[in-house]
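# Tertiary structure, described
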Amino acid sequence: MLKKEDKIAIIGLGYVGLPLAKSFSKYYNVIGYDIDIKRVNDLKKNIDRNIDVDLKDTKIVYTINEKDLKDSNIYIITVPTPVSNENIPDLNCLENATRMVAKYLNKGDIIIYESTVYPGVTEEICVPLIEKNSSLKYNVDFFCGYSPERISPGDKNRHLSNIVKITSGSTPEIASKIDTLYKKIIIAGTYKATSIKVAEASKVVENVQRDVNIALMNEFAIMFDKMKISSSDIFSAAKTKWNFINFSPGLVGGHCIGVDPYYLSFQSMKFGFTPELLLKSREINNSIPKYIALKVMQFINEKKLIKEEAKVLILGYTFKENCADIRNTKVEQIKIELETYSVNVFTYDPYVKLPYTNLEIDPFINNEKYDIIILAVSHNEFRNYTIKDFNRISKEKLVLLDIKGLYKFSTWTL
Ligand SMILES: NC(=O)c1ccc[n+]([C@@H]2O[C@H](COP(=O)([O-])OP(=O)(O)OC[C@H]3O[C@@H](n4cnc5c(N)ncnc54)[C@H](O)[C@@H]3O)[C@@H](O)[C@H]2O)c1
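Now for a description of the structure that goes with this document. (Residues numbered from 1 in each chain as written. Predicted model: local features only at pLDDT ≥ 70, side-chain atom pairs only at ≥ 80, totals over all residues. Heavy atoms only, no water.)

## A closer look at the nonpolar core
Of all hydrophobic cores here, the largest spans 40 residues; its most connected members are Ile11, Tyr75, Ile77, Leu94, Ile111, Tyr113 and Cys144. Three or more residues apiece are contributed to this core by two domains, here domain 1 (7–194) and domain 2 (222–413). Setting aside chain neighbours within four positions, we find Leu94 in contact with Ile77, Val79, Pro80, Thr81, Tyr113, Ser115, Val117, Val121 and Cys126. Core analysis: the second largest hydrophobic core is formed by 30 residues, Val343, Val345, Val377 and Ile403 among them. (Core = buried A, V, L, I, M, F, W, Y, C linked by side-chain atoms within 4.5 Å. Buried < 20%, exposed > 50% of the residue type's maximum accessible area, 1.4 Å probe, protein only. Domains from an automatic or database assignment. Contact = heavy atoms within 4.5 Å.)

## Examining the packing of aromatic side chains
Remark: the centre distance and the inter-plane angle together describe each pair of aromatic rings, the angle taken between the planes. Per the stated rule, a full pass over the model turns up 14 aromatic pairs. On the numbers, 5.5 Å between centres and 45° between planes, the contact of Tyr118 with Phe266 is tilted. Here Phe266 lies in helix α8 (residues 260–270) and Tyr118 lies in the loop between β5 (110–113) and α4 (121–134), a separation of 148 residues in the sequence. Residue Phe266 is classed as partly exposed on the basis of its relative accessible area of 25%. For the pair Phe390 and Phe409, a centre-to-centre distance of 5.6 Å together with 55° between the ring planes defines the contact as tilted. Linking Phe390 in helix α12 (residues 387–392) with Phe409 in the loop between β12 (400–402) and β13 (412–413), this pair joins segments that are 19 residues apart in sequence. For Phe409, a relative accessible area of 23% gives the class partly exposed. (Phe/Tyr/Trp six-rings, centres within 6.5 Å; stacked < 30°, edge-to-face > 60°. Helix = DSSP H or I, 4+ residues; strand = E, 2+ residues; numbered from the N terminus.)

## A short note on the environment of Met100
Here Met100 lies in helix α3 (residues 92–104). Given a relative accessible area of 7%, Met100 falls into the buried group. Distance from Met100 to Glu66, taken between C-alpha atoms, is 7.6 Å for residues 34 residues apart in sequence. Contact partners of Met100, with chain neighbours within four places excluded, come to Ile11, Tyr33, Glu66 and Leu69.

Put into structure tokens, the structure is as follows:
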């Protein structure tokens, strides 16, 4: 059913689109389209600014010219799906990409969505847009599919090909065709969902489940902090039970776990149901930067420091470890909170350069000294520092707030 001549167009060459384009390009003609001219120019030189994909020997044709898409017959859309400042789903990129693809669609073509959405977006928002902008009829002239992405940038063990991929299609035949297409690149195999809506919902459910569980751990962490009992010691003990679910407290940032619950709750509320646990969990996780800032202020007071003179070093700025992604990072929130107290905040991240962080040189090889140090992101680069290294960059006695529980010698752990 699939032919070598099949031409796949990947729309949006970010964390999701680029590895996908690379994988498909081993078997098919792949054209990669993005509206970001700098991104496309970099990719033409085999540079991935996300430091995520090795582009040596890839055969992707990159373009910012939408007319180059006209010979494609399979379109895969991997554009961002953020939320507004009010946490309302922002489908602008998805709708723009859909309208654009519709212009070049031919009879028999397939559009597959990989962007994370709430159930119903593909068939109730995108399909009508395609019909309107193409004069083709759904499931007669063109077909759709949805295949959520599960990659986690920075995770060197789990990547596109060794994570089971959920697929779906608008008719049983198209679902099988899409499933076969992905089977070619996914060694771990595929799971054919019973409908597009099921596939859409499965993705948000995965991320909501994580968010809710992390919220519970954060609640435990705050509760036991107040009781002055080590929550990490408690979790280590509790973990010895076979059915304890192993989550850790922490910052929930990024464009997935901290965003997708708003997609699901938005749709749920349209159907008259307010998901209380989901929304409360968002609230709890969003409150953690403020809690950490208050903790820092507590140490500043205990040390009798003048807050305007206090120097706080934050190690790590990205939303997660070992990647360069700073979208919706909660470290920025900690920094903002601390700055409202007029504390001097210094941020360093080996993956992030100025202007997002204000230290360019690794503080461990510098001569500056800090009153309080926060380990915010557990990049591999930070793992091997010893108490001696920390003492060297500390003014007086080391105060190390370890959000990730990375070190045995921390003053405080979340
Ligand atoms: N990054 C992840 O780990 C991850 C994992 C699973 C799912 N997702 C989901 O996948 C989608 C893409 O995420 P991402 O992290 O790859 O985003 P990204 O920001 O890294 O990449 C998206 C790319 O799309 C481009 N773009 C925006 N509008 C466009 C348009 N109209 N036409 C063509 N290109 C356009 C942007 O310039 C950008 O290069 C989102 O829905 C996200 O929630 C992301």
